[in-house]
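Descriptive analysis of the structure
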Amino acid sequence: MCWKKSDDKWKEIKRNIDEAENTISINYSEFKSLGAIDELKINPQSTLGSFLQHIDSFVVNGYLRMTNGNINRAGNIATITGKIREQYGYEKIMVIANDIWGGFFAINNGELSNNIEEIWYFSPDTLGWENTEKNYTEFLEWVCSGDVEYYYSEWMWDNMENEIKDFSNSDGIFTYPFLWADEYELTTAKRNRAPWFEITGINAYYLNQMNN
C-alpha cells in the first residue's frame with residue numbers, strides 16, 4: 001500500500017500540533033492502527049485517516065478530546081460513534097471530538113445537511129446541532145490554534161482547570177441544573193464527575209421526551 005499521501009497529511013497535522021497556540025496533551029501511536037478506520041470505512045489517506053493512525057490520545061485545554069484510532073483506548077472513534085448513534089438514533093454521523101460537558105463534534109456524512117464533509121456540534125445547552133462550517137482539516141487547525149477557550153467560555157467555572165486535571169477520556173462533568181434548563185446558572189450550578197456516556201445518555205433521554 002502507498003502511504004505517500006497519508007504521510008503528507010501527517011506532516012500537515014504535525015505542523016499544526018507543533019505550532020499550536022492552545023494547550024495540547026498528546027500521546028502518539030507506536031504503530032499505525034487501522035481497526036477503527038476499517039470499521040468506519042475511513043479513507044486512510046485522508047487527514048482524518050492519518051490522524052487516527054498516529055494518535056492514541058489528543059486533549060485540548062483539558063476539556064476537548066479528539067477521538068483516536070486505537071481500538072483499545074478510551075476515546076476510540078468507532079466506540080464513541082457507535083454509542084452516540086445508538087443513544088440519539090443516528091445512522092451516518094461520525095463523532096470526531098467531544099468535550100467534558102457532554103457535547104460532541106461530528107462529521108455530517110449527509111445526515112444533517114447535503115455537505116457530507118461538514119462538521120456539526122451537538123450542544124448540551126440547547127440539545128441541538130450547530131454547523132461549524134468546517135471540514136476535518138479546518139477543524140483540526142481550529143482546535144490547535146483557534147479560540148477554543150472563547151467557544152466554551154460560558155460554561156467554564158472558577159478552579160475548573162484543577163478540578164478536571166485528572167479526567168480521562170471517559171470522564172465528563174454532570175451539571176445540575178442541566179445546561180439546557182432555564183434554571184441553570186454558571187455560579188450556582190452543582191457539578192460532579194461522571195461517566196461521559198452517562199451524561200450523553202441523560203441528554204438523549206430528555207431530548208427524546210421533548211420531541212414526543
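Going by the structure above, here's the rest.
A brief report on the enclosed structure follows. Everything numeric here is computed off the predicted structure, so don't read it as measured data. (Residues numbered from 1 in each chain as written. Predicted model: local features only at pLDDT ≥ 70, side-chain atom pairs only at ≥ 80, totals over all residues. Heavy atoms only, no water.)

Regarding the nonpolar core
One recurring pattern in soluble globular proteins is that nonpolar side chains are buried together. Of all hydrophobic cores here, the largest spans 44 residues; its most connected members are Phe58, Leu64, Ile96, Phe105 and Val143. No other element matches the six residues that helix H5 (residues 136–145) contributes to this core. Leave out the neighbours within four places in its chain, and Phe58 touches Ile17, Ile24, Ser25, Ile26, Phe51, Leu64, Arg65, Met66, Leu140, Val143 and Cys144. Core analysis: the next-biggest nonpolar cluster, separate from the first, contains 15 residues, Phe104, Ala106, Trp129 and Trp196 among them. (Core = buried A, V, L, I, M, F, W, Y, C linked by side-chain atoms within 4.5 Å. Buried < 20%, exposed > 50% of the residue type's maximum accessible area, 1.4 Å probe, protein only. Helix = DSSP H or I, 4+ residues; strand = E, 2+ residues; numbered from the N terminus. Contact = heavy atoms within 4.5 Å.)

A few points about the pairing of strand E2 (residues 55–60)
Of all six residues in E2, six are buried; the element is thus mostly enclosed. The pairing of strand E1 (residues 24–28) with E2 spans five bridges and is antiparallel. Across the sheet, the residue bridging to Ile24 is Val60, located in E2. Of the pairings in the sheet, the one linking E2 to strand E3 (residues 64–66) comprises three bridges and is antiparallel in character. By the bridge assignment for E3, Val59 is matched with Arg65. Between E2 and E3, which pair antiparallel and follow one another directly, the connecting turn spans three residues, one of which, Asn61, has a positive phi of 55 degrees. (Pairing = 2+ DSSP bridges.)

Focus: the side chain of Arg65
The topology assignment puts Arg65 in strand E3. There is no salt bridge for the buried Arg65, and the closest opposite charge comes from Asp171, which lies 6.5 Å off by N-O distance. Polar contacts involving the side chain of Arg65 include one to the main-chain carbonyl oxygen of Ser168, which spans 3.1 Å. (Lys, Arg positive; Asp, Glu negative; His and termini not counted. Salt bridge = Lys/Arg side-chain N within 4 Å of Asp/Glu carboxyl O. Polar contact = N/O pair within 3.5 Å; in protein donor to acceptor, adjacent residues only side chain to side chain.)

Comments concerning the packing of helix H4 (residues 77–88) against helix H8 (residues 196–211)
Running from N to C, H4 and H8 point in directions that differ by 25 degrees, and their axes come no closer than 9 Å. As summarised for this structure, H4 and H8 are arranged roughly parallel, according to the angle between their axes. The two elements H4 and H8 cross, and the hand of that crossing is right-handed. Across from Thr79, Ile80, Lys83, Ile84, Gln87 and Tyr88 in H4, the residues of H8 making contact are Trp196, Phe197, Thr200, Gly201, Asn203, Ala204 and Leu207. (Axes fitted to C-alpha atoms, helices over the stretch in contact; angles between N-to-C directions. Parallel < 35°, antiparallel > 145°, perpendicular 65-115°, else oblique. Left-handed = near helix turned anticlockwise from the far one by under 90°.)

Comments concerning the sheet that holds E3
Spatially, the seven strands line up as an open sheet ordered E1-E2-E3-E4-E5-E6-E7, and their pairing is antiparallel. The sheet is open, and its two borders are formed by E1 and strand E7 (128–134), each paired with just one other strand. On average, adjacent strands in this sheet sit at an angle of 20 degrees to one another, irrespective of strand direction. Summarising the sheet, strand E6 (residues 119–123) and E7 pair through five bridges and their orientation is antiparallel. In the sheet register, Tyr121 faces E7, and the bridge partner there is Glu130. Strands in contact with H4 are strand E4 (94–99), strand E5 (104–107) and E6; relative to E4, the strand with the most contacts, it is inclined by about 95 degrees. Along the sheet, H5 contacts E1, E2, E3, E4, E5, E6 and E7; its crossing angle with E3, the most-contacted strand, is approximately 140 degrees.

Concerning the pattern of salt bridges
According to the stated counting rule, one finds three salt bridges in the structure shown. A salt bridge links Asp171 to Arg193; its shortest N-O distance comes to 2.8 Å. Note that Asp171 is positioned in strand E8 (residues 171–176) and Arg193 in strand E9 (residues 190–195), a separation of 22 residues in sequence. For Asp171, a relative accessible area of 12% gives the class buried.

As for the packing of aromatic side chains
Within this structure, the stated rule accounts for 31 aromatic pairs. Where Tyr88 meets Phe122, the ring centres are 5.0 Å apart and the plane angle is 65 degrees; that geometry is what we call edge-to-face. Of this pair, Tyr88 sits in helix H4 while Phe122 sits in strand E6, placing them 34 residues apart in sequence. Judged by relative accessible area, which is 1%, Phe122 ranks as buried. Note on Tyr151 and Tyr152: the rings are 5.3 Å apart at their centroids and 75 degrees apart in plane angle, and the pair reads as edge-to-face. Tyr151 gets classed as partly exposed once you look at its relative accessible area, which sits at 33%. We classify Tyr152 as buried; its relative accessible area is 1%. Each member of the aromatic cluster is reached from another via a ring pair, and the members are Tyr63, Trp101, Phe105, Tyr121, Phe139, Trp142, Tyr151, Tyr152 and Trp155. (Phe/Tyr/Trp six-rings, centres within 6.5 Å; stacked < 30°, edge-to-face > 60°.)

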